[in-house]
Amino acid sequence: MQMNKLAGGKLEVSALCLGSMLWGSTNTEAEGHAQIDMSLDHGINFIDTAEMYPVNPIKAEACGRSEEVIGSWIAKSGRRDDVVIATKVSGDNPGWKRGGKGYNGAIIHEAVDESLVKLNTDYIDIYQTHWPIRGSYAFRQNWTFDPSNQNRTEVEAHMRDVLGAMAEVVKAGKVRHFALSNESAWGTAQWLRIAREMGAPEVISIQNEYSLMCRLADTDLAELCMNEGVRVLSYSPLATGLLSGKYQDNAVPKGSRLDLSPGLGGRATPRAFEAVDVYLDVAKKHGLDVVQMALAFAVSRPFMGSTIFGASSMEQLARILDGKDLTLSDEVMKDIDSAHRAHPMPF
């Protein structure tokens, strides 16, 4: 398993990261434990979660179950030091956590303590803000994104408040590193600038969507990452299962994400299915498993810190792990580039 350095070399994580967002809904506690054990056996040392997980569906009463599955695994195995754990504080939301009011410095303290209890640990390796409070263009919001109503003075005051709290939880040993999710290049630059002014923890990573079909990070964000020592943690590298090909020809397997979430958050468009056909052809041409090809592509990006995947079954996990060391040839990358140029931003 390829290992990558984060935080200027202070943290080493596997190039593939085990996502936990189905543990406590689609997957049972025992299945979550089995996934962790199997992943560790194959060299993965990184687990991502969030206080609002699980999803499918998201429910206020279910928030925290995914963290609890990880916590019970730690209690059972005693292997806390063998894993890097990343979790997130919820943004302003429809009410899944704290009535939907998002986070500030005071809430950071509260949320960190709650996650520590659920995770059954004394420290969190990477603590992430799940959404920017000022708004985001993630999850197809890029089509209508309008930052003209942002108040820079308020945005900066919020960042300073949060960074002050992060400095305190890091000093207390509760958190080791600070990170973001669903952020922009400009937002990340401001977090970095203000942290440096304050002497607060600097952003080490940004967890944003990235896949063969969603490559918004390739330009401004990639430039920031390469120049500032930040790395992307990509989520939905299989485009919520689209890139597996299982939804082609109007197929909707029972219990699948498309069955539970029609439209896949705006991803299931006619153009998306056309793009998937092309990527399936690329994989077939080169004798590759398309799932493994898609993950290997994300892993190969120079700004990538780790690529987060989820699995609803041990069979899916085994398929992914079988391709953990795949390196794509120049010929494959050339065909992927042609496919991307022909089918940019298909959802």
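Above this note sits the structure.
So, a few notes on the structure that sits alongside this text. Numbering of residues begins from 1 in every chain and follows the order in which that chain's sequence is written. For a predicted model such as this one, the threshold for reporting local features is a pLDDT of at least 70, and the threshold for listing and counting side-chain atom pairs is 80 or more; totals across whole chains, interfaces and linings nevertheless cover every residue. Hydrogens and water molecules were not included; the side-chain quantities draw on all heavy atoms of the structure.

### Here we look at the overall build of the chain
Working step 1: Each helix is a run of DSSP H or I of at least 4 residues and each strand a run of E of at least 2, with the numbering of both proceeding from the N terminus. Summing up its helical and strand segments, the chain has 11 helices and 10 strands in all.
Working step 2: Scaling as 2.2 N^0.38, a compact globule of 347 residues should have a C-alpha radius of gyration of about 20 Å, and the chain matches this with 19 Å.
Working step 3: For the chain, the spread of C-alpha atoms along the three principal axes comes to 55 × 50 × 35 Å.
Working step 4: Residue contacts are counted whenever heavy atoms from the two residues lie within 4.5 Å of one another. The contacts in the chain between residues at least 6 apart in sequence include a share of 78% that link residues at least 24 apart. When we talk radius of gyration, it's over C-alpha atoms, and the globule rule is simply 2.2 Å times the number of residues to the 0.38.

### Quick word on the packing of aromatic side chains
Working step 1: The rule is short: rings of Phe, Tyr and Trp, with Trp giving its six-membered ring, pair when the centres are within 6.5 Å, and they are stacked under 30 degrees, edge-to-face over 60, tilted in between. Inspection of the entire model under this criterion finds 6 aromatic pairs.
Working step 2: Both rings, one in Y210 and one in F297, keep their centres 6.3 Å apart while their planes meet at 10°; by these two values the pair is stacked. One end of the pair, Y210, is in the loop between β8 (203-209) and α6 (220-228); the other, F297, is in helix α9 (residues 290-300), and 87 residues separate them in sequence. F297 carries the same exposure label as Y210, and that label is buried.
Working step 3: An aromatic cluster of three or more residues is present, and its members are W131, F139 and Y235.
Working step 4: Two conditions define a charge located above a ring, namely a distance within 6 Å from the ring centre to NZ of Lys or CZ of Arg, and an angle within 35 degrees of the ring normal. Here the basic side chain of R140 rests over the ring of F139, its NZ or CZ set 5.6 Å away from the ring centre. For every residue, the accessible area (1.4 Å probe, protein chains only) is compared with the maximum for its type, and the residue is labelled buried under 20%, exposed over 50%, or partly exposed between those bounds.

### Remarks on the pattern of salt bridges
Working step 1: What makes a salt bridge here is a side-chain nitrogen of Lys or Arg within 4 Å of a carboxyl oxygen of Asp or Glu, nothing more. By the definition in use, this model includes 24 salt bridges.
Working step 2: For E209, the salt bridge goes to R140, with nearest N and O atoms at 3.1 Å. On the criterion of sequence distance, the pair formed by E209 in strand β8 and R140 in the loop between β6 (124-129) and α4 (152-171) is long-range, its members being 69 residues apart.
Working step 3: Using a relative accessible area of 6% as the deciding quantity, one classes E209 as buried.

### Section: the sheet that holds strand β9 (residues 231-235)
Working step 1: Judged by pairing direction, the barrel is parallel, and its 8 strands sit side by side in the order β3-β4-β5-β6-β7-β8-β9-β10 before closing back on the first. Between one strand axis and the next, the sheet turns through 30° on average, direction left out of account.
Working step 2: Note: two strands are recorded as paired if DSSP finds a minimum of 2 bridges between them. Two elements, strand β3 (residues 16-19) and strand β4 (residues 46-48), share 2 bridges in a ladder whose sense is parallel. Paired with L18 across the bridge in β4 is I47.
Working step 3: Axis definition: a line fit to C-alpha positions, over the contact stretch in the case of helices; interaxial angles, taken between N-to-C directions, run 0 to 180 degrees. The strands touched by α4 are β6 and β7 (175-181); relative to β7, the strand with the most contacts, the crossing angle is about 150°.

### Considering the environment of V276
Working step 1: Looking at the element boundaries, V276 is found in helix α8 (residues 270-285).
Working step 2: Put simply, V276 and A339 are 63 residues apart on the chain and 9.6 Å apart in space, counted from C-alpha to C-alpha.

### A short note on unusual backbone geometry
Working step 1: Residue P54 is reached from Y53 by a cis peptide bond, and omega for that bond is 20°.
Working step 2: With respect to the helices and strands, P54 occurs in the loop between β4 and α2 (65-77).
Working step 3: Cis geometry marks the peptide bond from N56 to P57; its omega dihedral reads -5°.
Working step 4: Mapped onto the fold, P57 is located in the loop between β4 and α2.
Working step 5: Here F139, not a glycine, exhibits a phi torsion of approximately 60°, which is positive.
Working step 6: Mapped onto the elements of the fold, F139 is located in the loop between β6 and α4.
Working step 7: Given the relative accessible area of 36%, F139 is considered partly exposed.
Working step 8: Not every positive phi belongs to a glycine, and L264 is a case in point at roughly 50°.
Working step 9: Checked against the element boundaries, L264 lands in the loop between α7 (257-260) and α8.

### Looking at the environment of N104
Working step 1: Residue position: N104 is located in the loop between β5 (84-89) and α3 (105-119).
Working step 2: Separated by 204 residues in sequence, N104 and I308 have C-alpha atoms that sit 27 Å apart.
Working step 3: Here the side chain of N104 touches I107 through a polar contact of 2.9 Å, landing on its backbone nitrogen. In protein, a polar contact means a hydrogen-donor-capable atom and an acceptor-capable atom, both N or O and within 3.5 Å, with residues adjacent in sequence counting only if both atoms are side-chain atoms; elsewhere, any N or O pair within 3.5 Å suffices.

### Let's talk about the state of the cysteines
Working step 1: Whenever a pair of cysteine sulfur atoms sits within 2.5 Å, that pair is classed as a disulfide. Enumeration according to the criterion identifies 0 disulfides in this entry.
Working step 2: In this structure C63 is a free cysteine whose sulfur lies 20 Å from that of C17, the closest cysteine sulfur available.
Working step 3: C225 supplies the cysteine sulfur nearest to C214, a cysteine that is in no disulfide, at a spacing of 14 Å.

### Observations concerning the packing of α8 against helix α11 (residues 330-342)
Working step 1: The contact between α8 and α11 brings their axes to 10 Å, and the two run at 165°. In terms of axis orientation, α8 runs roughly antiparallel to α11. As α8 packs across α11, the resulting crossing turns out to be right-handed. Across the interface between the two elements, V278, Y279, V282 and K285 from α8 touch V332, D335, I336, A339 and H340 from α11. Reported orientations rely on four angle classes, namely roughly parallel under 35 degrees, roughly antiparallel over 145, roughly perpendicular from 65 to 115, and oblique for the rest. Helix crossings are classified by the rotation of the near helix relative to the far one: an anticlockwise turn of less than a right angle makes the crossing left-handed, while a clockwise turn makes it right-handed.

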